[in-house]
Amino acid sequence: MTDFESVRIALRALRVNTLRSALTMLGIIIGVAAVVTMVSVGRGAHVQVAEQIRSLGTNLLTVSPGAARQGGVRLESGSRRNLTESDARAIRAEVAAVEVAAPAVRGKAQIVQGNRNWSTSVFGTEPDYFLARDWGIGAGRMFTVQDVASGAKVALIGDTVAEALFGGADPLGRTVRIANVPFTVAGVLAKKGPTGSGRDQDDAVFVPISAAKLRLQLGSAVDRDAVDYIMVKLASVDAMATAQADIRALLRQRHRLRADADDDFAVYDPTAEMQAYQEATRTFTLLVGAIASVSLLVGGISIMNI
């Protein structure tokens with residue numbers, strides 16, 4: 001039998017069994033489409049999570065206050081005002097693996113510029129915060145250590161805030177009112193994008209921590225040294241576990257906690273949850289890809305039978 005005759009017989013068999021041929025083709029189409037789709041979705045999710053981890057910064061730890069008690073009721077984590085700028089300086093000086101430790105306070109405020117206004121998150125911090133977050137400047141300049149020391153009324157705004165308040169105009173050197181206090185826009189931060197939870201990182205304003213406490217009344221009204229959290233950057237990801245243990249031991253000593261007392265603070269890796277999600281996504285992609293491959297195999301066997 002020649003090749004031509006084989007092709008002719010195959011085509012006749014397909015024509016005679018039209019419905020069976022159509023259903024078999026459909027199985028092949030669905031199988032191939034499923035495999036391609038799941039591989040594409042899996043790779044896309046992997047890239048997206050990797051980008052979100054990169055946007056947070058590398059080798060990061062966040063130190064936050066513990067939960068306060070009120071009338072026997074334990075409040076939410078971070079409600080205790082027991083972390084201080086002094087704690088941040090001690091972490092930076094005494095934990096060998098730490099490159100920078102930046103204290104920060106935060107709050108919400110209405111930002112006004114001309115006839116435009118925008119409600120956003122306001123953070124008071126130090127220049128080291130942006131080193132920890134690997135966050136560069138898009139235009140203008142960062143505020144400096146001298147700005148922090150003098151309580152200068154300068155602000156760094158995120159890309160979202162710049163668009164909301166200035167549109168396409170240049171915001172550098174312009175004045176915005178934060179909680180009715182005038183601040184000069186020193187720079188616009190490079191675009192970061194959303195976090196894993198969907199929060200827009202570019203929808204934020206940063207001012208020197210001294211100005212945030214004195215001018216905007218962020219932080220604790222009782223203890224002016226208190227902060228809402230400390231952002232810590234390590235020299236290497238390999239030092240993560242050791243650094244966490246060292247920071248915990250240092251803060252327990254500084255806070256004079258008894259050996260049997262619980263920590264009054266928390267040290268955690270902000271990227272750990274997203275990395276776990278990334279692993280779960282990879283496993284799910286492999287599982288569904290395997291199921292799709294089975295349907296492709298079944299379709300192939302049906303073609304062989306025909």
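### Thoughts on the nonpolar core
Okay, so step 1: The biggest cluster of nonpolar side chains holds 64 residues, and the ones touching the most others in it are I91, I178, F183, F206, I230, V232 and I247.
Okay, so step 2: A per-element tally of this core places strand β4 (residues 98-113) first, with 8 residues.
Okay, so step 3: Residues in contact with I230, not counting those within four places in the same chain, are L61, T62, V63, L83, T84, D87, A88, I91, A101, A102 and P103.

### Comments concerning a nonpolar patch on the surface
Okay, so step 1: A cluster of nonpolar side chains, namely L19, L23, L26 and I30, defines an oily patch on the protein surface of about 410 Å² accessible area.
Okay, so step 2: The topology assignment puts I30 in helix α2 (residues 18-56).
Okay, so step 3: The partly exposed category is assigned to I30, whose relative accessible area is 48%.

### As for the pattern of salt bridges
Okay, so step 1: Scanning the model with the defined rule gives 9 salt bridges in all.
Okay, so step 2: In this structure, E85 engages K213 in a salt bridge whose closest nitrogen and oxygen atoms are separated by 2.6 Å. Of this pair, E85 sits in helix α3 (residues 85-94) while K213 sits in helix α7 (residues 209-214); the two residues are 128 residues apart in sequence, bridging distant segments of the chain.
Okay, so step 3: Residue classification places E85 among the buried positions, given a relative accessible area of 15%.
Okay, so step 4: On the accessibility criterion, K213 (5% relative accessible area) is buried.
Okay, so step 5: With its nearest N and O atoms 3.2 Å apart, the salt bridge here joins R258 to D260. Each member of the pair R258 and D260 is classed as exposed.
Okay, so step 6: One connected set of salt bridges, linked through shared partners, spans R92, E126 and D128.

### Topic: the packing of aromatic side chains
Think of a pair of aromatic rings as described by two things: how far the centres are apart, and how the planes are tilted against each other in angle.
Okay, so step 1: Going through the model one piece at a time under the given rule, you end up with 8 aromatic pairs.
Okay, so step 2: Relative to Y229, the ring of Y129 has its centre 6.5 Å away and its plane inclined at 65 degrees; by these criteria the two rings are edge-to-face. A residue pair is termed long-range when its members are at least 10 positions apart, and Y129 in helix α4 (residues 128-132) and Y229 in strand β11 (residues 229-234) qualify at 100 residues. Of the two residues examined, Y129 and Y229, each falls in the buried class.
Okay, so step 3: Seen from their ring centres, F130 and F206 are 5.2 Å apart, and the 70 degrees between their planes marks the pair as edge-to-face.

### Observations concerning the packing of α3 against helix α8 (residues 240-254)
Okay, so step 1: Direction vectors running N to C along α3 and α8 enclose 135 degrees, while the axes themselves pass 11 Å from each other. In terms of orientation, α3 lies oblique with respect to α8. In this structure, α3 meets α8 at a crossing whose hand is right-handed. The segment α3 lies against α8, with S86, D87, A90, I91 and E94 engaging I247, L250, L251 and R254.
Okay, so step 2: Considering only residue class, the contact of α3 with α8 consists of 5 nonpolar, 1 polar and 3 charged.

### What to know about unusual backbone geometry
Okay, so step 1: Phi at A179 takes a positive value of approximately 50 degrees, unusual for a residue other than glycine.
Okay, so step 2: As for its position among the elements, A179 is in the loop between β8 (175-178) and β9 (181-189).
Okay, so step 3: Using a relative accessible area of 45% as the deciding quantity, one classes A179 as partly exposed.
Okay, so step 4: Located in the positive-phi region is R256, a residue other than glycine, with phi close to 55 degrees.
Okay, so step 5: Its location among the elements puts R256 in the loop between α8 and β12 (265-268).
Okay, so step 6: Since its relative accessible area comes to 74%, R256 is described here as exposed.

### Here we look at α3
An α-helical turn contains 3.6 residues, so a residue and the one three or four places further along point in the same direction.
Okay, so step 1: Within the sequence span of α3, burial applies to E85, D87, A88, A90 and I91.
Okay, so step 2: Packing partners of the buried residues in α3 comprise β1 (60-65), β4, α7, β11 and α8.

### Quick notes on the environment of Q146
Okay, so step 1: Here Q146 lies in helix α5 (residues 145-150).
Okay, so step 2: For Q146, a relative accessible area of 57% puts it in the exposed group.
Okay, so step 3: Spatially, the C-alpha atom of Q146 lies 9.6 Å from that of P208, the residues being 62 residues apart in sequence.

The rules we used
Residues numbered from 1 in each chain as written. Predicted model: local features only at pLDDT ≥ 70, side-chain atom pairs only at ≥ 80, totals over all residues. Heavy atoms only, no water. Core = buried A, V, L, I, M, F, W, Y, C linked by side-chain atoms within 4.5 Å. Buried < 20%, exposed > 50% of the residue type's maximum accessible area, 1.4 Å probe, protein only. Helix = DSSP H or I, 4+ residues; strand = E, 2+ residues; numbered from the N terminus. Contact = heavy atoms within 4.5 Å. Patch = residues over 30% accessible without salt bridge, like charges linked within 9 Å, V, L, I, M, F, W, Y side chains within 5 Å. Areas by Shrake-Rupley, 256 points an atom, 1.4 Å probe, with all protein chains shown as cover. Salt bridge = Lys/Arg side-chain N within 4 Å of Asp/Glu carboxyl O. Phe/Tyr/Trp six-rings, centres within 6.5 Å; stacked < 30°, edge-to-face > 60°. Axes fitted to C-alpha atoms, helices over the stretch in contact; angles between N-to-C directions. Parallel < 35°, antiparallel > 145°, perpendicular 65-115°, else oblique. Left-handed = near helix turned anticlockwise from the far one by under 90°. Nonpolar A, V, L, I, M, F, W, Y, C, P; charged D, E, K, R; others polar.

Just geometry here; none of it tells us what the structure is for.
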